[in-house]
Amino acid sequence: MATMIGNYKEIARLLNSLIELDYDAIAAYRAAIVKLDNAEDKAVLRGFMADHERHIVDLRPFVERFGEKAAAGTNAMVILTKGMVVIAGLMGDRAILEAMKTNEDQTNRRYEKATSRTDLPTELMEVLQKNLSDERRHRAYIVQRLGTHEIHAH
């Protein structure tokens with residue numbers, strides 16, 4: 001029994017780390033949207049930001065079910081601040097999208113690692129798989145946009 005409780009705490013920590021990552025992503029998308037010139041990219045990135053907001057909403061109940069308090073923000077203020085400063089200082093849509101690709105690389109890796117676990121309840125795994133699918137879609141869009149020559153670089 002102690003092992004199960006310990007496992008629940010570990011899973012709750014994992015989920016909270018993903019929630020914090022999603023909070024970081026929301027802040028990065030918010031900063032990027034303000035800086036982008038391309039209206040279509042702004043609209044798509046708003047949708048991606050909404051996906052990250054949904055990820056938080058969907059993961060919170062699992063953290064609480066495992067007896068922990070869900071993260072209400074990020075603990076990595078230094079990383080967040082650094083990311084915000086980097087995005088705020090970038091000029092041109094290409095540089096901003098490249099920064100967002102780096103962020104999506106990280107979220108993809110973290111969700112892939114989480115979904116590779118074999119000790120998670122099926123219902124939770126379904127949520128994590130859905131979130132990973134969103135992350136892959138976000139990254140694919142950004143990679144596709146970076147492959148075009150119409151993006152402005154100031």
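Values in this document were obtained by computation on a predicted structure and should not be read as measured data.

A. Representation of the packing of helix α2 (residues 39-65) against helix α5 (residues 122-146) in the model. For the pair α2 and α5, the least separation of the axes is 11 Å and the interaxial angle reads 160°. Overall, the two elements α2 and α5 adopt an arrangement that is roughly antiparallel. At the point where α2 passes α5, the crossing takes the left-handed sense. When grouped by side-chain class, the residues that make up the contact of α2 with α5 number nine nonpolar, four polar and 12 charged.

B. Spotlight on the packing of aromatic side chains. Tallied over the entire structure, the rule returns three aromatic pairs. Through a chain of ring-to-ring contacts, three or more aromatic side chains come together here, namely Y29, F48 and Y141.

C. Here's a closer look at helix α4 (residues 93-115). Given a rise of 1.5 Å per residue, 23 residues ought to cover 33 Å, and the 32 Å separating the end C-alpha atoms of α4 matches this to within 8%. Where α4 is concerned, the buried positions are D93, I96, L97, A99, M100, E104, D105, T107, N108, Y111, A114 and T115.

Each value, and the rule that gives it
- Residues numbered from 1 in each chain as written.
- Predicted model: local features only at pLDDT ≥ 70, side-chain atom pairs only at ≥ 80, totals over all residues.
- Heavy atoms only, no water.
- Axes fitted to C-alpha atoms, helices over the stretch in contact; angles between N-to-C directions.
- Helix = DSSP H or I, 4+ residues; strand = E, 2+ residues; numbered from the N terminus.
- Parallel < 35°, antiparallel > 145°, perpendicular 65-115°, else oblique.
- Left-handed = near helix turned anticlockwise from the far one by under 90°.
- Nonpolar A, V, L, I, M, F, W, Y, C, P; charged D, E, K, R; others polar.
- Phe/Tyr/Trp six-rings, centres within 6.5 Å; stacked < 30°, edge-to-face > 60°.
- Expected span 1.5 Å × (residues − 1).
- Buried < 20%, exposed > 50% of the residue type's maximum accessible area, 1.4 Å probe, protein only.

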